[in-house]
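Structure at a glance
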Amino acid sequence: MHALPLPSQLADPARRALLDVPSEEMLDWLQARGQAPLRFRQMRRWLLVGRAVAFEQMSDLPRHLRDELSAAFRTLGSDIARHLVSCDGTHKLLLRLHDGQVLECVLLQEANRRTVCISTQVGCGMGCVFCASGLGGVVRNLTVGEILEQLIHARNLLPAAERLTHIVVMGMGEPLANLDALLEALAVAVSPRGLGIGARHITISTVGLPAKIRCLADLGKQYHLAVSLHAPNDELRTRIVPTNDKTGLTEILAAADYFYATTGRQVTYEYVLLRDLNDQPAHAAELAKLLRGRQAHVNLIPFNDVEGLPYRRLTQQALTDFVAILRGGGISVKVRKRKGADIDAACGQLRRAALAEPASTAGVE
Ligand code: SF4
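Overview of the structure. (Residues numbered from 1 in each chain as written. Predicted model: local features only at pLDDT ≥ 70, side-chain atom pairs only at ≥ 80, totals over all residues. Heavy atoms only, no water.)

1. Some remarks on the sheet that holds strand 10 (residues 202-206)
On the basis of which strands lie adjacent, the open sheet formed by 10 strands has the order 3-4-5-6-9-10-11-12-13-14 and mixed pairing. Looking at the sheet topology across the chains shown, the edges are occupied by strand 3 (79-85) and strand 14 (332-335). Within this sheet the neighbouring strands show an average axis-to-axis angle of 20°, counted without direction. The pairing of strand 4 (residues 91-96) with strand 5 (residues 102-110) spans six bridges and is classified as antiparallel. Within strand 5, the residue paired with His91 across the bridge is Leu107. (Pairing = 2+ DSSP bridges. Helix = DSSP H or I, 4+ residues; strand = E, 2+ residues; numbered from the N terminus. Axes fitted to C-alpha atoms, helices over the stretch in contact; angles between N-to-C directions.)

Laid out in structure tokens, this is it:
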């Protein structure tokens, strides 16, 4: 697995990013310098609310403290290696982490919604056959700070009067495989002292780790659950999502049913449509049968061609027929609109392109 070369400000492993320093450790550090615990809250407020990207900008901290902080820590552990802006207002960021790994996050702007799609791992171990992110396997989990920094970088693109309204955890990685870090980051995202995003506006997507789905249900949070189904039977699903052979649809659907029974929150089923593989009328009929009687919503995602992958977008007629069969079976359906088509917004494409050209320069395009 390649990594991008590091710019000098990130290539200093001794200086950790503020959001990855445990609060007790930071409070001890401040106390050793005769500083009140209030300083910790001030620093975090500057990062999370005040949009500061350097200690120098934290104007209510004493100058000597800002200097000491700069010598010991970094405000953010990631920087923007590439920034693409689509004509429909979608921003795609390629973030470079302290170890040279890269990840993508996307800011979608639609009416009053400002939605960020975030990643939870570098790479992904689930190996969905249509996905560029899973091609190299999983490299590592993201830290709490690295998850939060995606939100901060995206939020900092917005005008001062605007804020993030929604989060979808659908970027690179299997979110439930890094659940502890994700939950810690989301706790900051929803806090009024953090990013103030409503918990009901957060969707966590999974290929289906049954034990973790149950665990999420038992937490009593208001987050939405989306299960990536992609096929109406085990034989086909295992071809598309190889990890399905260890779990199987029965267990995944039982866990999703448990989530609904426990939280009262409708589960969304994601279904990427791949031409001639899972887009036939018989698949739609089987899917309708599988979900009948469940409080379910289906999100259909027509696959967009990805260089290097053998799958193709389905025809418009096949999509129309698929939707009609599901609706005819009493299933609530939506087709996801394509956003950022002109900037390669499909999952993992920008990262793959960057890793293929490690000498590429940072910038806005
Ligand atoms: S679609 Fe999601 S779960 Fe599947 S390989 Fe890609 S990142 Fe992983």
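Now that the structure has been shown, the text picks up again.
2. Regarding the pairing of strand 3
Here strand 3 lies mainly inside the structure; five of its seven residues are buried. Two elements, strand 3 and strand 4, share six bridges in a ladder whose sense is antiparallel. Counted as the bridge partner of Leu84 is Lys92 from strand 4. (Buried < 20%, exposed > 50% of the residue type's maximum accessible area, 1.4 Å probe, protein only.)

3. Focus on helix 6 (residues 210-218)
Listed in full, the buried residues belonging to helix 6 are Pro210, Ile213, Leu216 and Ala217. Down the axis of helix 6, the sector holding all buried residues measures 120°, keeping them to one side. Those residues of helix 6 that are buried lie in contact with helix 5 (179-190), strand 10, strand 11 (224-228), helix 8 (244-247) and helix 9 (249-263). Within two residues after helix 6, Gly220 carries a phi angle of roughly 75°, on the positive side. (Arc of directions from axis to C-beta. Contact = heavy atoms within 4.5 Å.)

4. Some remarks on the pairing of strand 4
With six of its six residues buried, strand 4 lies for the most part within the structure. Of the two faces of strand 4, the one holding His91, Leu93 and Leu95 and the one holding Lys92, Leu94 and Arg96 are both buried throughout. Between strand 3 and strand 4, which pair antiparallel in sequence order, lie five residues; one of them, Gly89, sits at a positive phi of approximately 90°. Between strand 4 and strand 5, which pair antiparallel and follow one another directly, the connecting turn spans five residues, one of which, Gly100, has a positive phi of 85°.

5. Observations concerning the pattern of salt bridges
A complete count under the given rule lists 15 salt bridges for this structure. Its salt-bridge partner being Asp79, residue Arg96 comes within 3.1 Å of it at the nearest N-O pair. Taken as a pair, Arg96 in strand 4 and Asp79 in strand 3 lie far apart in primary sequence, 17 residues in all. Each member of the pair Arg96 and Asp79 is classed as buried. Note that Glu235 and Arg239 form a salt bridge whose closest N and O atoms lie 3.8 Å from each other. Placement of both Glu235 and Arg239 in helix 7 (residues 234-240) is noted, with a separation of four residues, approximately one turn of the helix. (Salt bridge = Lys/Arg side-chain N within 4 Å of Asp/Glu carboxyl O.)

Everything listed here is a matter of geometry and, on its own, says nothing about what the molecule does.
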